[in-house]
Amino acid sequence: IVFEDGKLIGLVAEEQVATTSQRASGFVYDQWMRALTLPEKHTPPVMLDALPEPTETGNGEGVAPGSRRRAMLDDETIAAEKQLMTSAVTNTSGAFTCRRNSWCIARTVKGPVVVAIIDNRYLGLACDLGDIAITSRPTSFDSCRSGAVLLSAQTLRRIGSLEIDLAAKTAG
């Protein structure tokens, strides 16, 4: 289940709903609960601390304090986050693992990997590691080169909240 702004995502399993939020919005979760007959309590994510913000861009330029421009992630950080995200999807609890202010990742009970992005610097990793990549931020592209489904802020603005049924069978 994806809320229309892409900031709250829920993975529905037999007896639990894993969300990307420590405290799922009462109003939104109550709506989901009534519409989909979900359990009252959700499973919050495993939260990892935020990474310290780099003080240089990837090309060695400094980033002014308070600047809206964010430094690019260096290759070492990308490799470390990729390894962490990959190991997080082996988590069998069904809960999301989230890096505060950056990303959340989980494997559904059906197998596909869902990655939620808060910081678009991780969008490439989301597309590479996930089957479904969701970002609450606008993007400069409409699809993932890897073939993963991309739900961006622009897409969610057009279609609103959605439920993806991974158990649906195709004709044939």
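Residues numbered from 1 in each chain as written. Predicted model: local features only at pLDDT ≥ 70, side-chain atom pairs only at ≥ 80, totals over all residues. Heavy atoms only, no water.

Colleague: Would you take a moment to explain unusual backbone geometry for this structure?
Modeller: Most of the time, phi is negative for any residue but glycine, and the peptide bond is trans. The backbone phi angle of T37 is positive, close to 45°, even though this residue is not glycine. On the secondary structure map, T37 appears in the loop between α1 (26-36) and β3 (46-48). (Helix = DSSP H or I, 4+ residues; strand = E, 2+ residues; numbered from the N terminus.)

Colleague: What is the right way to look at the sheet that holds strand β6 (residues 113-117) in this model?
Modeller: The pairing of strands in a sheet happens through backbone hydrogen bonds and is either parallel or antiparallel. Read from one edge to the other, the open sheet built from six strands follows the order β3-β4-β5-β6-β7-β8, with strand pairing classed as mixed. Unpaired on one side and paired on the other, β3 and β8 (149-151) mark the two borders of the sheet. Within this sheet the neighbouring strands show an average axis-to-axis angle of 15°, counted without direction. Where strand β4 (residues 97-99) and strand β5 (residues 103-107) come together, three bridges link them in antiparallel fashion. If you follow R99 over to β5, its bridge partner there is W103. Packing of helix α2 (residues 75-88) onto the sheet brings it into contact with β3, β4, β5 and β6, and relative to β5 it is tilted by some 35°. (Pairing = 2+ DSSP bridges. Axes fitted to C-alpha atoms, helices over the stretch in contact; angles between N-to-C directions. Contact = heavy atoms within 4.5 Å.)

Colleague: What should I look at first to understand the nonpolar core in this one?
Modeller: The nonpolar side chains of soluble globular proteins are, as a tendency, buried together. With 18 residues, the main nonpolar core has I105, V115 and I117 as its most contacted residues. By residue number, the principal contributor to this core is helix α3 (residues 123-129), which donates four residues. Look past the residues within four positions of I117 in its chain and what remains in contact with it is S102, W103, Y122, L123, A126, I134, T135 and S136. (Core = buried A, V, L, I, M, F, W, Y, C linked by side-chain atoms within 4.5 Å. Buried < 20%, exposed > 50% of the residue type's maximum accessible area, 1.4 Å probe, protein only.)

Colleague: Mind showing me how you'd approach the state of the cysteines here?
Modeller: Working definition: the covalent bond between the sulfur atoms of two cysteines is a disulfide. Counted according to the given criterion, the structure contains two disulfides. C98 shares a disulfide with C104; S-S distance 2.1 Å. Between C98 and C104, the S-S dihedral sits near 110°, and the bridge is therefore right-handed. We classify C104 as buried; its relative accessible area is 4%. Each sulfur in the disulfide pair C127 and C144 lies 2.0 Å from the other. Between C127 and C144, the disulfide has an S-S torsion of -55° and is therefore left-handed. (Disulfide = S-S within 2.5 Å.)

Colleague: Could you clarify how one ought to interpret the pattern of salt bridges in this entry?
Modeller: When the charged atoms of two side chains with opposite charge come close together, those side chains can pair. One pass over the structure, following the stated rule, counts two salt bridges. Residues R99 and E81 are paired through a salt bridge, measuring 2.9 Å at the closest nitrogen-oxygen approach. Taken together, the residues R99 in strand β4 and E81 in helix α2 connect sequence positions 18 residues apart. The same class applies to R99 and to E81, which are both buried. One salt bridge in this structure joins R121 and D119, with 2.7 Å as the shortest N-O distance. (Salt bridge = Lys/Arg side-chain N within 4 Å of Asp/Glu carboxyl O.)

Colleague: Quick question: what am I supposed to make of the side chain of T97 here?
Modeller: Its place among the elements puts T97 in strand β4. On the basis of relative accessibility, which here comes to 8%, the residue T97 falls in the buried class. Not counting chain neighbours up to four residues away, the residues in contact with T97 comprise V46, L48, A88, N91, W103, C104 and I105.

Colleague: What exactly am I supposed to notice about α1 here?
Modeller: In an α-helix, one turn spans 3.6 residues, which is why side chains three or four residues apart end up on the same side. Taken residue by residue, α1 has V28, Y29, W32 and M33 as its buried positions. An end-on view of α1 places all buried positions within 135° of arc, on one side of the element. Opposite the packed face of α1, turned more than 90 degrees from it, sit the exposed residues F27, R34 and A35. Note on α1: the residue one or two positions beyond its end, T37, has a positive phi of about 45°. (Arc of directions from axis to C-beta.)

Colleague: So what exactly am I meant to see when it comes to the side chain of E81 here?
Modeller: Given a relative accessible area of 3%, E81 falls into the buried group. Beyond its immediate chain neighbours, meaning those up to four positions away, E81 contacts L51, R99, W103, Y122 and L125.

Interpretation in functional terms is not warranted from these geometric data alone.
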